[in-house]
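Below, each chain spelled out in residue letters.
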Amino acid sequence: MSAGTVQVRLLDLAHTRSGDKGDMANCGVIALRAEWYPLLVRELTAERVRAHYGALIAGPVDRFELPNLIALNFLLHGALDGGGTLSLKTDAQGKVVSTAMLRMILTVPAKEAAELDLPVLTHKE
Amino acid sequence: MTKIVRVASGQGFWGDSLDAPRQQVEGGPIDYLMLDYLAEVTMSILQKQKERDPAMGYARDFIGAIESVLPGIVERGVKVIANAGGVNPVACAHALIAAIAKAGHAGRVKVGVVTGDDLLPRIDELIAAGHALKHMETGAPLSSVRNRVLSANAYIGSKPIVEALEQGAQIVVTGRSTDTALTMAPLRHEFGWAADNWNQLAAGIVAGHILECGAQSSGGNCLHDWWTIPDLANIGYPIAECQSDGSFVITKHPNTGGRVSVPSVSEQLVYEMGDPHSYITPDVVADFTSIHVAQDGANRVRVHGITGGPATPFLKVSIAYRAGFKAVGSLVYSWPDAMEKAEAANRILRERLDRLGLKFDQILSEFVGANATHGHLSGDGRDAPEVQFRIGVRGEDRASVERFTREIAPLVLNGPPSVTGFAGGRPKVEEVIAYWPALIDKQVVTTQVEVMS
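On a predicted model such as this, the values are computed, not experimentally measured, just so you know.

S.K.: So what's going on with the packing of helix H8 (residues 198-211) of chain B against helix H9 (residues 262-270) of chain B? Which residues, and what values?
M.R.: All names here are of chain B. Orientation of H8 relative to H9, taken along the N-to-C sense of each, is 105 degrees, at an axis distance of 9 Å. Considering their axes alone, H8 and H9 lie roughly perpendicular with respect to each other. Residue-level inspection shows Val-206, His-209 and Ile-210 of H8 in contact with H9, the latter providing Val-265, Gln-268 and Leu-269. Here the residues of the contact of H8 with H9 sort into 4 nonpolar, 2 polar and no charged.

Structure follows, in structure tokens:
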């Protein structure tokens, strides 16, 4: 963490719900406040989300923006070990795939965090 | 005065609350009750039941649901739309008519049946005519699993349900209608939306999407401030109060628990979402990025501004086929070193399976309580009070899967210590019925409507 930046946890900025489409999980991320949505659009890139999930998913990530709903929708390909009845996973239908997203820690400029009244993490993660 | 049509959701899946339909009919004014019973795997389960007994193959819970709402719907003129017919809508309708007669309402309730979605008897004819029914994800032709196909149903739209309502049906039973058609059809019927009123039709789809999972839009499974959502034991199922311009308000009956809020509705809107610009249905392609939501008083959310465009020339087909066998077993290991013990059990068991020469298409080990759903993001799981070691296998050879199920229990006495949680006995071997999504030319599928009493 460089000087002049702070850390915020996605859990404190958004709520999520996910479901399945075959071997793909979807992950809807909804901003808790409208003024935080542009930050999510900027930070939660498909690449960033792909890197966050790492070995949890086998394929690429697509991203779609829904500004009216202050939401982003991610499609995580190859997330369900075959999906549906083929999958042996506890979470075969991807119901809680989106909660893993909420563990993401974002680094943002302290000035922006203050302007947006972001719930900043007080300890270093 | 603006005409309002109230569509209430009373069932989000087969197995949902038995009381919800009656609560929706009796808890306040509604015009239509929609009941969604079908998921992708449900059709194949129903097909197996029909093979055993030709009078079965529909969601039998539905008959009980109708018995519970019958006095209310007769008195208030509430209409019911349900895809409870599964793979045998006609048998479902006959059972329904018998139940209506038994309750003393013979001849007073017209039942409409929609058929034509079942493509199973036509599969060979369709393949021969050049319909490859390619798997939508892999591109493989259906012929590659033809002899393992159990059921094949086209997802049909709202039109035949509208026809049944026009013919005076009070209860409409369908097979594999889309979940959203169950809500869209009454709106088309009431407001007379034409087949190219794309924006209104898209709004009907969005209303349907919000209602189709039952209370999942009225505070159930809602992550946003979940601990503040009141009285989930008495949760109110969602109701859409719809207008002819396509706008609607999502609400629930008074004196019920749960919460209808912008966050609770938004969570349902993004549930199972693909590309939000094109939510494809048989009737219309809806644009979910056009949706506006706003709080409109307590437990009321106004949804408006929805746009859509022409439907595609295809229908989706849901095909189920036999895809081998699977079994999943588990053991629970306790502190101290719960995670280390569970990991040791996994190594030992896998070595046993190797020595036995058992081959599987897939083996998956999970450590529930440590990292089963969040993987590397969960931390290392050290010092957990207990960890459930869960292991599953899947393969074509039933005997190999059967043998796997006998290898878990011995670990209790010959593996790592502090193990418990095996009271359930040997895991069961299950046949895997897999899902094969495909597209078919709309022209090929013709639906029929019959209204009886």
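Back to the text.
S.K.: Can you explain the interface of chain B and chain A? Please cite residues and give values.
M.R.: Contact residues are listed per partner, giving 48 residues for chain B and 40 residues for chain A. The junction of chain B with chain A conceals about 3600 Å² of combined surface from both sides, 59% of it contributed by carbon and sulfur atoms. Contact with chain A buries surface across chain B, with Val-270, His-374 and Leu-377 of chain B losing the most and accounting together for 17% of the total. Among the ionic pairs, Arg-17 of chain A bridges to Glu-267 of chain B, the shortest N-O distance being 3.2 Å. Taken together, the connections running from chain B to chain A amount to 27 residue pairs in polar contact (both at pLDDT 80 or more). Among the secondary structure elements, those contributing two or more residues to the side of chain B that touches chain A are H9, strand S11 (292-295), strand S14 (314-334), strand S15 (362-368), strand S16 (386-395) and strand S18 (430-441) of chain B.

S.K.: Talk me through the sheet that holds strand S10 (residues 285-287) of chain B; I want residue IDs and the actual numbers.
M.R.: Residues and elements named next belong to chain B. Taking strand neighbours across the sheet as the criterion, the 3 strands line up as S9-S10-S13 in an open arrangement whose pairing is antiparallel. Both outer strands of the open sheet, strand S9 (279-280) and strand S13 (307-309), are each paired with one neighbouring strand and no more. H8 rests against S9, S10 and S13 of the sheet, and its axis sits at about 110 degrees to S13.

S.K.: Could you give an account of H9 of chain B, with specific residues and numbers?
M.R.: Taken across its 9 residues, H9 of chain B has 8 buried, putting it largely inside the fold. Where H9 of chain B terminates, the next one or two residues include Glu-272 of chain B, which has phi positive at roughly 55 degrees.

S.K.: A description of the pairing of strand S3 (residues 24-31) of chain A should follow, citing residues and the corresponding values.
M.R.: Residues and elements named next belong to chain A. The element S3 is extensively covered by neighbouring structure, given that 8 of its 8 residues are classed as buried. Here S3 shows no split at all, with Met-24, Asn-26, Gly-28 and Ile-30 on one side and Ala-25, Cys-27, Val-29 and Ala-31 on the other all buried. In terms of strand pairing, strand S2 (residues 14-21) meets S3 through 8 bridges, oriented antiparallel. In the sheet register, Gly-19 faces S3, and the bridge partner there is Asn-26.

S.K.: If you had to explain the sheet that holds strand S19 (residues 448-452) of chain B to someone new, which residues and values would you point to?
M.R.: Residue and element names in this part refer to chain B. As summarised here, the arrangement of the 10 strands in space is S11-S12-S8-S7-S1-S2-S3-S6-S4-S19, forming an open sheet in which the pairing is mixed. Here the strands that pair on one side only, and so sit at the sheet edges, are S11 and S19. Each adjacent strand pair in this sheet contributes to an overall mean axis angle of 20 degrees, direction not counted. The pairing of strand S1 (residues 5-11) with strand S7 (residues 239-242) spans 4 bridges and is classified as antiparallel. Looking at S7, one finds that Ala-8 is bridged to Ile-239. Contacts between helix H4 (residues 89-102) and the sheet are confined to strand S4 (111-115), strand S6 (171-173) and S19, with S4 contributing the most and set at about 170 degrees to the helix.

Rules behind the numbers
- Residues numbered from 1 in each chain as written.
- Chains lettered and ligands numbered in written order.
- Predicted model: local features only at pLDDT ≥ 70, side-chain atom pairs only at ≥ 80, totals over all residues.
- Heavy atoms only, no water.
- Axes fitted to C-alpha atoms, helices over the stretch in contact; angles between N-to-C directions.
- Helix = DSSP H or I, 4+ residues; strand = E, 2+ residues; numbered from the N terminus.
- Parallel < 35°, antiparallel > 145°, perpendicular 65-115°, else oblique.
- Contact = heavy atoms within 4.5 Å.
- Nonpolar A, V, L, I, M, F, W, Y, C, P; charged D, E, K, R; others polar.
- Buried area = accessible area lost by both parts, 1.4 Å probe.
- Salt bridge = Lys/Arg side-chain N within 4 Å of Asp/Glu carboxyl O.
- Polar contact = N/O pair within 3.5 Å; in protein donor to acceptor, adjacent residues only side chain to side chain.
- Pairing = 2+ DSSP bridges.
- Buried < 20%, exposed > 50% of the residue type's maximum accessible area, 1.4 Å probe, protein only.

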